[in-house]
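Single-letter residue listing:
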Number of protein chains: 2
Amino acid sequence: MIKRYTYGSPFQTEAVIEQIQAIKEKPSYFKVNKEEDSYTLVYKMDKNDGLFGLGENIRGINKRGYIYKSNCSDDPSHDEGKSSLYGAHNFLIVKGSHTFGIFIDMPSSVTFDCGYTQKDQLVITVSSIDFDLYIIEEESFNETIKRFRKLIGRSYIPPKWAFGYQQSRWGYRNEEDVQKVVDGYRNNHIPLDAVYMDIDFMERFKNFTVDSAAFKDFKQVVSDLKDKGIRLVPIVDAGVKIEEGYDVYEEGVAHNYFCKDEQGEDFVAAVWPGKVHFPDFLNKEAREWFGKKYKVLLDQGIEGFWNDMNEPAIFYTPEGLQEAFQKLDHIRQCDNIGIYEFFGIKDIMNGISNSASDYERFYHQVGDQRIRHDKVHNLFGYNMTRAAGEAFDVLEPNKRILLFSRASYIGMHRYGGIWTGDNTSWWSHLLMNIKMMPSLNMCGILYTGADIGGFGGNSTEDLVLRWLQFGCFTPLMRNHSALGTREQEAYQFQDIGSFRNIIGIRYGMIPYLYSEYMKAALRDEMYFKTLMMAYPEDAFAENVEDQLMVGESIMIAPVYEQNARGRYVYLPEDMLMVKLRSLTDREYKIMDKGHHYVDIALEEMVFFIKPNHVVPLSKGAEYVDGLDEMDLELCGYVKDKATYELYQDDGFSKYYDSPNNWSTLQVIKEDNQIQSISSKDALKISLNIY
Amino acid sequence: MIKRYTYGSPFQTEAVIEQIQAIKEKPSYFKVNKEEDSYTLVYKMDKNDGLFGLGENIRGINKRGYIYKSNCSDDPSHDEGKSSLYGAHNFLIVKGSHTFGIFIDMPSSVTFDCGYTQKDQLVITVSSIDFDLYIIEEESFNETIKRFRKLIGRSYIPPKWAFGYQQSRWGYRNEEDVQKVVDGYRNNHIPLDAVYMDIDFMERFKNFTVDSAAFKDFKQVVSDLKDKGIRLVPIVDAGVKIEEGYDVYEEGVAHNYFCKDEQGEDFVAAVWPGKVHFPDFLNKEAREWFGKKYKVLLDQGIEGFWNDMNEPAIFYTPEGLQEAFQKLDHIRQCDNIGIYEFFGIKDIMNGISNSASDYERFYHQVGDQRIRHDKVHNLFGYNMTRAAGEAFDVLEPNKRILLFSRASYIGMHRYGGIWTGDNTSWWSHLLMNIKMMPSLNMCGILYTGADIGGFGGNSTEDLVLRWLQFGCFTPLMRNHSALGTREQEAYQFQDIGSFRNIIGIRYGMIPYLYSEYMKAALRDEMYFKTLMMAYPEDAFAENVEDQLMVGESIMIAPVYEQNARGRYVYLPEDMLMVKLRSLTDREYKIMDKGHHYVDIALEEMVFFIKPNHVVPLSKGAEYVDGLDEMDLELCGYVKDKATYELYQDDGFSKYYDSPNNWSTLQVIKEDNQIQSISSKDALKISLNIY
């Protein structure tokens, strides 16, 4: 059951798709305190209550013990001390003596003090007196998630090629750079489905342009690569460069599509292109206009985009910079710059970017309302991506376009996925990637993954390889790194064979991963579950934060420590361990319920199959379109009978709901005889059953 | 066997105390390449070779897979991407197909590429053509360590009270602040032996002064606190404030005791006091002079010091700041500050502190040699601490003075300990603390510990409690935090009882911990061993990086994850698990060799006792001097016979080598009868044997 409580006159974020009638009574569980400009909601926790959700965030799957703030932030230091990343995902489930979900639908900052200040108190501070509060109570923890997912609507579904392995790097400047990457993969027979173009492909960082010196015939390049099974995926940034003659700039000015400053002039900020205006994505007309601009690239054969810098990131504003220089000059006029003045200088310079005061300098026009940006800050990236998603529905009504974003708010999950932003080449960020996945799924964000190998900093061969072993299971499997860091494409290291083998395993698993993704999306289910979600009766499962369930058949236990030769694994029931050195070089072992130490060498990966479950595997390919999905192996652990629902479609159209997309595969074990039954005759099935 | 190879004319660091004759032949194992100003030493590693040592560093106990640079650095971001912390500890053991130790005795930067660039190559780059290379080959890994420890001389021994629990915070300004801390502990009956004074106790940050407004009668305060069993421990910084009339400044100028700039003027840098000169600690006379200055505080009853900012940290130099402002003004003259100019401004401002170019601006006078600082950079903190240590030998010939430092080089371990610098309130830093301990012991640094609860950032109740559970075993057990962060003294949190209990356990263990410390110091042994060192025949032990042996009887397996209710523990043999909620509230369980998951609630700690081993425990006290060490419990796991060598002395004099300090305690189990035999009649022994 969902109860909605409305305080004041909330801004309509359109996060939810159901109309729930607001009720007047006081909400259960919480002590609600109204302050001058805010509310606090206080819940007294029992000792063993756990807190789950909050989407894109640092730390554990259980959020208890720290403080989180929903405030979309362009901050590349994802360390344990941070409270905000790029997304704002205000859905949290209290699990314990009472189990219930809570969703705060409010577009500015919300703070979740999860027992940080007082270990027995959950204190939610809503920085507004206008917001919607939803409290969800269902039979179980899992039903609570599912009900919330239904409330917010079906998650985005990408084209099938987007389940292939993808390579990105901030620094591919031109055709030659892209070709080098393509050759690096194809010549080494390492599978690859996409190459990303970061900001350098544009003409002076202008959205929807291509630098003609870098790409002499862009359309031809796109087409030639597609012949090799490789898509080019360009970036789109939030800011529109101020440049005379640039159509996007001129149209935006002419039609008042840009955010305004206090005086009503187009607001100026500086980002990669230098000075820019921000499209007013909260304004419906501006959104429609900007969305249609993607057509320029669609027309050249592009089939996927990533929307970046849409918190929005602001390097500086002219006003902010001027104020900083004034403060600086004031300090420099001191006769003797002392220590505190010196630290003052550092603070001034480091405080210029993404400053709260800059977010108070500009305005949105929503209907006849003029709204200061900081009041709706968390909706900016969401509505940029919505602009694209809604436009694609018009421009390409029956074709899926790959789309994901850096900033997000719940609601955006209907239009695109996210990548988890500018992480670092740290082992701890591989672990964070693992822990973040179920929390994101809870908030509807299914198409997601981290920058494999780490974006900032210099990676190492073993880190990239171990990260790929986990990345094999994330819907978005993309290796990405920053300008100036060590090159980390899969062919850059000594043991290229292991990279080929691990990425090859991903392609073998696509029949399974795609089926499971589609089930999660079409049925409002979790693609990544925690063990606690999969085994609610198992008291130990809640402790396990470094193993995940992937779909219905598989449990994973990735290695995330340097020099580790294996790891501890908890099996909530007996399972079949599959250890792979490549798609074809596998070992199997049936293991008992309980605790195990499992040896996993650097070039090996493992997963575990539940009893009476199977995993459909393909024979692999160097790109998704090259897979023969009519020729499948059923690999599994069958005691008597396993039934698998296989989802297959053309991979690009939107007839998701056609019953023809489904087949039922059964494996029956009787008197030591194994046989399989398929509901689709055309499928060629081989068996590999334990 | 140790072989010494001398290249060029090395600066005499006095890291080693033995005279080893240099040999002319080429060193084994390494391919040595001379470059213009440096050498590289290349060793081809086998797949399973491990690399151990390098003292104070990030990442794993096994250093393989990353790159480390010995370059004493004041950098509070101890993240996975860093290569240098505060110390320079150039001792590394290759363990594998060949096992040997290597020590590079060279006072400037040395880089250890431990399979980072090429995973099968160890590449050591020595940034000089003048250095000593020692290669140590012994029967075993452990003998290699021991031989190196003998080479570098006996480790520093602190007074016994320094094994008590200690409280620090940057921010205790005056008598009232200190009294509040003392009351917080004493009123709550949480044991405490020392309160630290960070920079604010001084008059305008001048070394060896006490702000008379903050402490009206400092000597009386020191004395009153000592009556309560509490020592005040002041900080001493490397820089001497430039201030007319300040004796230390004036004497230093008059006698040319300060480092000089290129023109021969006293070199000026800015640190906490504003502009300072750096004593030339490499100059013997300056060292003697500075060391004697500690007498000012000794005379007021002070018995311990911590030497800080001695990398040396430099916030800025007037030249550096001027150059930065010039660059800044040059950028600002541009008509249009673009993105790259803007990032240029940030880089300029962030590059001012601890800049390499500032370390090239000043000089040391060693005999008749004038040496530019960067050539001997890693010796600065070492020699500051040596100045104090050598002075204490003169000023207090038979009294131990507590002394530890932030910066260090091997050799300094004879004069004092280290704390591991400005860490952060992160769970990952608790784990880093655990992993760093054996590497430091290998380099002779025994008296050491991290800032419990974390220095920077805001800590949480559970982090401080878990960290204390590990801190119970570190010789230096000090809670320390930074200005502006959440207060984290043990009495600041909800569950004060658990803090009292855990710290109380430390005091119960002091008879054991002190005996084990003294054995390690007097016999060149390891206080903290890795499992691999304790169980060289156990092939699994090398994988274990989050459990340690503490002395001869105990294995620990600390919990270092938020919300964890226990952890996996590997037992290399059957052991007795002791689970403690307080010193007296204990559970025991004999556990088999192998892998276990052990439940450890937040308010519990565990340790494991080896078979036929005992641990002597006291009844506890609120400070070390209050312990009755003649009344001991022998807690242990005895199958037939355990023998324990107990070390006891007065805790402050230096008669370490007196045979009277030793007793032998035996526990014999025969026909289910347990009896104990003590070589010292005065000891009252109770038994708690499983």
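Attention in this report is confined to the structure presented alongside it. (Residues numbered from 1 in each chain as written. Chains lettered and ligands numbered in written order. Predicted model: local features only at pLDDT ≥ 70, side-chain atom pairs only at ≥ 80, totals over all residues. Heavy atoms only, no water.)

1. A short note on the overall build of chain A
To keep things clear, this is the line we draw: Runs of H or I in DSSP of at least four residues are treated as helices and runs of E of at least two as strands, each being numbered from the N terminus. Taken over C-alpha atoms, the radius of gyration is set against a globule rule of 2.2 Å times the number of residues to the power 0.38. Per-residue accessibility, obtained with a 1.4 Å probe over protein chains only, is compared with the maximum for each type, and a residue is labelled buried under 20%, exposed over 50%, and partly exposed between these values. Two residues qualify as a contact provided that any one of their heavy atoms is within 4.5 Å of a heavy atom in the partner residue. The accessible surface values rely on the Shrake-Rupley method and a 1.4 Å probe; as for residues, cover is taken only from the protein chains in view. Charge counting treats Lys and Arg as positive and Asp and Glu as negative, with His and both chain ends excluded. Lysine's charge is taken at NZ, arginine's at CZ, aspartate's at CG and glutamate's at CD.
For chain A, the helix and strand inventory stands at 14 helices and 41 strands. Here chain A has a C-alpha radius of gyration of 25 Å; the compact-globule value for 690 residues is 26 Å, and the two agree. Its C-alpha atoms put chain A at 85 × 65 × 55 Å along the principal axes. For chain A, the residues scored as buried account for 67% of the 690 residues in total. A fraction of 73% describes how many contacts in chain A between residues 6 or more apart in sequence connect residues 24 or more apart. Within the structure as shown, chain A displays about 23400 Å² of accessible surface, and the carbon and sulfur contribution to it stands at 46%. Separation between the mean location of the 76 positive side-chain charges and that of the 103 negative ones in chain A comes to 2 Å.

2. Observations concerning the nonpolar core
The condition that has to hold: What makes a nonpolar core is a set of buried Ala, Val, Leu, Ile, Met, Phe, Trp, Tyr and Cys residues whose side-chain atoms join them at distances within 4.5 Å.
Within the largest apolar cluster, 463 residues are counted, with the highest numbers of intra-cluster contacts made by A:Ile104, A:Phe473, B:Ile104 and B:Phe473. B:Ile104 has contacts with B:Leu41, B:Asn90, B:Val110, B:Phe112, B:Ile124, B:Val126, B:Phe131, B:Asp132, B:Leu133 and B:Tyr409, leaving out every residue within four places of it along the chain. By size, the runner-up hydrophobic cluster in this structure holds 44 residues, among which are A:Ala557, B:Phe540, B:Tyr570 and B:Leu571.

3. Some words on the interface of chain B and chain A
Test applied: Here the quantity called buried area is the total loss of accessible area, with a 1.4 Å probe, experienced by two parts when brought into contact, counted for both. Any Lys or Arg side-chain nitrogen located within 4 Å of an Asp or Glu carboxyl oxygen qualifies as a salt bridge. Each polar contact in these results corresponds to two N or O atoms within 3.5 Å; when the atoms are within protein, one needs to be able to donate a hydrogen and the other to accept it, and residues that are neighboring in sequence are counted only if both atoms are side-chain atoms.
Contacts between the two partners involve 65 residues from chain B and, on the opposite side, 65 residues from chain A. Across the chain B/chain A interface, buried area totals approximately 5700 Å², and carbon plus sulfur atoms make up 50% of it. In this assembly, chain B and chain A are joined by eight salt bridges. As a salt-bridge pair, B:Arg332 and A:Asp329 come within 2.9 Å of each other at their nearest N and O atoms. On the surface where chain B and chain A come into contact, there are 35 residue pairs in polar contact (both at pLDDT 80 or more). Breaking the side of chain B that touches chain A down by element, the ones donating at least two residues are strand 17 (269-271), strand 18 (274-277), helix 7 (318-332), helix 8 (339-350), helix 11 (427-442), strand 31 (566-571) and strand 34 (594-599) of chain B. For the side of chain B that touches chain A, the element with the highest residue contribution is helix 8 of chain B, accounting for eight residues.

4. A few points about the packing of helix 8 (residues 339-350) of chain A against helix 8 of chain B
Filter applied, for reference: All axes here are fitted lines through C-alpha atoms, helices being fitted over the stretch that makes contact, and every angle between N-to-C directions spans 0 to 180 degrees. Note on terminology: angles under 35 degrees are roughly parallel, angles over 145 are roughly antiparallel, angles of 65 to 115 are roughly perpendicular, and the others are oblique. By definition, turning the near helix anticlockwise from the far helix through less than a right angle yields a left-handed crossing, and turning it clockwise yields a right-handed one.
Put simply, helix 8 of chain A and helix 8 of chain B touch, their axes get as near as 10 Å, and they point 150 degrees apart. In terms of orientation, helix 8 of chain A and helix 8 of chain B fall into the roughly antiparallel class. Considering the relative orientation of helix 8 of chain A and helix 8 of chain B, their crossing is left-handed. On helix 8 of chain B, the residues that touch A:Ile345, A:Lys346, A:Met349 and A:Asn350 of helix 8 of chain A are B:Ile345, B:Lys346, B:Met349 and B:Asn350.

5. Here's the deal with the pattern of salt bridges
Residues and elements named next belong to chain B. Here the structure, examined in full by the defined rule, presents 110 salt bridges over all chains. A salt bridge links Lys95 to Glu542, with the shortest nitrogen-to-oxygen separation between them at 3.1 Å. Linking Lys95 in strand 7 (residues 91-95) with Glu542 in the loop between helix 14 (531-534) and strand 29 (548-550), this pair joins segments that are 447 residues apart in sequence. You can call Lys95 partly exposed: its relative accessible area is 21%. A relative accessible area of 15% means that Glu542 is categorised as buried.

6. Remarks on the sheet that holds strand 13 (residues 194-197) of chain A
Residues and elements named next belong to chain A. Our working rule: The criterion for strand pairing is that DSSP finds at least two bridges linking the strands in question.
Pairing in this open sheet of nine strands is parallel, and the strands run 25-24-22-19-14-13-12-27-26 from one edge to the other. Only two strands of the sheet have a single partner each, and these edge strands are strand 25 (448-449) and strand 26 (451-452). Relative to strand 22 (residues 402-405), strand 19 (residues 304-308) is paired through four bridges, and the arrangement is parallel. Opposite Trp306, over in strand 22, you have Phe404 as the bridge partner. Packed onto the sheet, helix 3 (residues 218-227) meets strand 13 and strand 14 (231-237) and runs at close to 135 degrees relative to strand 14.

7. Points about the packing of aromatic side chains
As a reminder, the rule being used: Classification of ring pairs uses Phe, Tyr and Trp, with its six-membered ring standing for Trp, and accepts pairs whose centres are within 6.5 Å; under 30 degrees between planes counts as stacked, over 60 as edge-to-face, and the remaining range as tilted. Any Lys NZ or Arg CZ that is within 6 Å of a ring centre and within 35 degrees of that ring's normal is treated as a charge sitting over the ring.
One pass over the full model with this rule turns up 125 aromatic pairs over all chains. Lying over the aromatic face of A:Tyr246, A:Lys206 brings its terminal NZ or CZ to 5.2 Å of the ring centre. In this structure, B:Lys519 is placed above the aromatic ring of B:Tyr644, and the distance from its NZ or CZ to the ring centre is 4.0 Å.

8. A short note on helix 12 (residues 461-471) of chain B
In terms of burial, helix 12 of chain B is largely enclosed, as eleven of its eleven residues are buried. Of the residues making up helix 12 of chain B, those classed as buried are B:Glu461, B:Asp462, B:Leu463, B:Val464, B:Leu465, B:Arg466, B:Trp467, B:Leu468, B:Gln469, B:Phe470 and B:Gly471.

9. Things to note about the relation of the copies chain B and chain A
How we decide: The copies were overlaid with a least-squares fit restricted to C-alpha atoms from residues scoring a pLDDT of at least 70 in each copy.
Least-squares fitting of chain B to chain A yields an RMSD of 0.0 Å, with the transformation described by 0.0 Å of translation along the axis and a rotation of 180 degrees. What the rotation and shift describe, once combined, is the action of a two-fold rotation axis. In this assembly the copies share their binding face: 100% of the residues contributing to the interface of chain B also contribute to that of chain A.

10. Observations concerning the state of the cysteines
Here is the rule we go by: Two cysteine sulfurs form a disulfide in these notes if their separation is within 2.5 Å.
Per the counting criterion, the structure on display carries zero disulfides over all chains. Between A:Cys72, a cysteine without a disulfide, and A:Cys443, which holds the nearest cysteine sulfur, the sulfur-to-sulfur distance is 12 Å.

11. A closer look at the side chain of A:Glu489
Residues and elements named next belong to chain A. If you trace the backbone, Glu489 turns up in the loop between strand 27 (477-479) and helix 13 (496-522). The buried charged residue Glu489 lacks any salt bridge partner; its closest oppositely charged side chain belongs to Arg169, at an N-O distance of 4.7 Å. A polar atom in the side chain of Glu489 sits 2.8 Å from the side chain of Gln492. Once residues within four sequence positions are removed from consideration, Glu489 is found in contact with Gln167, Arg169, Tyr172, Tyr185 and Asn479.

12. Looking at the pairing of strand 18 (residues 274-277) of chain A
All names here are of chain A. Here strand 15 (residues 240-241) runs beside strand 18; their pairing, made up of two bridges, is antiparallel. Bridge pairing links Lys241 to Val276 in strand 18. Connecting strand 17 (residues 269-271) to the antiparallel partner strand 18 that follows it, the hairpin turn spans two residues.

13. Brief notes about unusual backbone geometry
A:Glu311 connects to A:Pro312 through a cis peptide bond whose omega is -5 degrees. The phi dihedral of A:Met309 falls on the positive side, at around 60 degrees, and the residue is not glycine. Of note, A:Met309 is situated in the loop between strand 19 and helix 7 (318-332). Positive phi outside glycine occurs at B:Tyr29, with the angle close to 75 degrees. In this fold, B:Tyr29 is placed in the loop between strand 1 (2-7) and strand 2 (31-34). Here B:Tyr29 falls in the partly exposed class, since its relative accessible area comes to 25%.

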